[in-house]
Amino acid sequence: MHTNESSSVQEYLQSQIRTIPDWPHKGILFRDITTLFENPEAWRKTVDVMVQRYEKQAFDRIGALDARGFLLGSTLAYILNKPLILFRKKGKLPGKTISVEYDLEYGKAILEMHEDTILPGEKVLLMDDLIATGGTLLAADQLIQKAGASTLEAAAIINLPDLKGADRLNAAGIPTYALCNFEGE
Ligand SMILES: O=P(O)(O)OC[C@H]1O[C@H](OP(=O)(O)OP(=O)(O)O)[C@H](O)[C@@H]1O
Ligand SMILES: Nc1ncnc2[nH]cnc12
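Residues numbered from 1 in each chain as written. Chains lettered and ligands numbered in written order. Predicted model: local features only at pLDDT ≥ 70, side-chain atom pairs only at ≥ 80, totals over all residues. Heavy atoms only, no water.

Caption draft 1: The packing of aromatic side chains, seen in detail. For the structure shown, the criterion picks out three aromatic pairs. Judged by centre distance (4.8 Å) and plane angle (80°), the ring pair of Phe 37 and Trp 43 falls under edge-to-face. Judged by its relative accessible area of 28%, Phe 37 falls in the partly exposed class. Given the relative accessible area of 17%, Trp 43 is considered buried. Their ring planes at 90° and their centres at 6.3 Å tell us that Tyr 54 and Tyr 177 sit as a pair that is edge-to-face. You can see Tyr 54 sitting in helix α3 (residues 40-54) and its partner Tyr 177 sitting in strand β9 (residues 176-181), a full 123 residues away along the chain. Look at Tyr 54 and you get buried, because its relative accessible area is 1%. The ring of Tyr 177 has Arg 53 lying over it, and the distance from NZ or CZ to the ring centre is 4.1 Å. (Phe/Tyr/Trp six-rings, centres within 6.5 Å; stacked < 30°, edge-to-face > 60°. Buried < 20%, exposed > 50% of the residue type's maximum accessible area, 1.4 Å probe, protein only. Helix = DSSP H or I, 4+ residues; strand = E, 2+ residues; numbered from the N terminus. Lys NZ or Arg CZ within 6 Å of the ring centre and 35° of its normal.)

Laid out in structure tokens, this is it:
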């Protein structure tokens, strides 16, 4: 996991994210980013740090993950003037799709992408709100690979290091970046 944010930025953003225990299931500590969105200073800081990291890097598209990843991904796509592509849960995309099944921290799901949304050889920057087991971002990377393209990096606001998702992604050759780590899941 790449982290180069100063501890003060990390601590500030971390302090603006609410934790709700036992939601959606007993034993889950839900890291709730709605409180980050409600605070314009914290949301601007989140976006600014991501813009600084990616504005000088070479890539073709931003891939945003359904649903909370859409918020960060679409904001970055607008600011960095990149095409935005959507990775959606099953049955939401109207065109011809390719799909992959994946595991979540609390369940299973199918991720889909429009089959013609990425060109072979392109580099995609993936954006989601949170890395838990890494299953969602790995599934997105599999769809990118099926299209003959590759992932530049998987970026998120939050990493849950105890669930080892970033390690899984790194082992699969996908660099990761997160603004803050929440220990204790
Ligand atoms: O690293 P993982 O174990 O794959 O978990 C992380 C994913 O789980 C959550 O999505 P969720 O499917 O709950 O959807 P939502 O964004 O629609 O709430 C979160 O927004 C990430 O996409
Ligand atoms: N612990 C968690 N908090 C918020 N979103 C999540 N998605 C998967 N695990 C999560």
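Next comes the rest of the description.
Caption draft 2: Focus on the pairing of strand β8 (residues 150-159). In terms of burial, β8 is largely enclosed, as nine of its ten residues are buried. Relative to β8, strand β7 (residues 123-131) runs parallel, the two being bridged by eight bridges. Across the sheet, the residue bridging to Lys 123 is Ser 150, located in β8. For the segment spanning β7, helix α5 (residues 135-146) and β8, crossover handedness is right-handed. Pairing between β8 and β9: five bridges, direction parallel. (Pairing = 2+ DSSP bridges. Right-handed = clockwise from strand over helix to strand, strands pointing away.)

Caption draft 3: Fine view of the confidence of the model for the chain. For the chain, the mean per-residue pLDDT works out to 95, and 96% of the residues sit at or above 70. Per-element confidence in the chain is highest for strand β3 (residues 61-65), whose mean pLDDT is 99, and lowest for helix α1 (residues 7-15), whose mean pLDDT is 92. The complex prediction reports pTM at 0.95, with the ipTM value standing at 0.98. (pLDDT = per-residue confidence, 0-100.)

Caption draft 4: Highlighting the site of ligand 1. Lining the immediate surroundings of ligand 1 are 16 residues, of which Lys 89, Asp 128, Asp 129, Thr 133 and Thr 136 lie closest. Arg 68 has a polar side-chain atom sitting 2.9 Å from an oxygen atom of ligand 1. The side chain of Asp 128 places a nitrogen or oxygen atom 2.5 Å from an oxygen atom of ligand 1. In isolation ligand 1 offers 500 Å² of accessible surface; the protein chains occlude 88% of this area. Contributing elements (two or more residues each) for the shell around ligand 1: β7 and α5. At four residues, β7 tops the list of elements feeding residues into the shell around ligand 1. Looking at the shell around ligand 1 residue by residue, the classes come out as six nonpolar, four polar and six charged. (Near = heavy atom within 4 Å. Polar contact = N/O pair within 3.5 Å; in protein donor to acceptor, adjacent residues only side chain to side chain. Areas by Shrake-Rupley, 256 points an atom, 1.4 Å probe, with all protein chains shown as cover. Nonpolar A, V, L, I, M, F, W, Y, C, P; charged D, E, K, R; others polar.)

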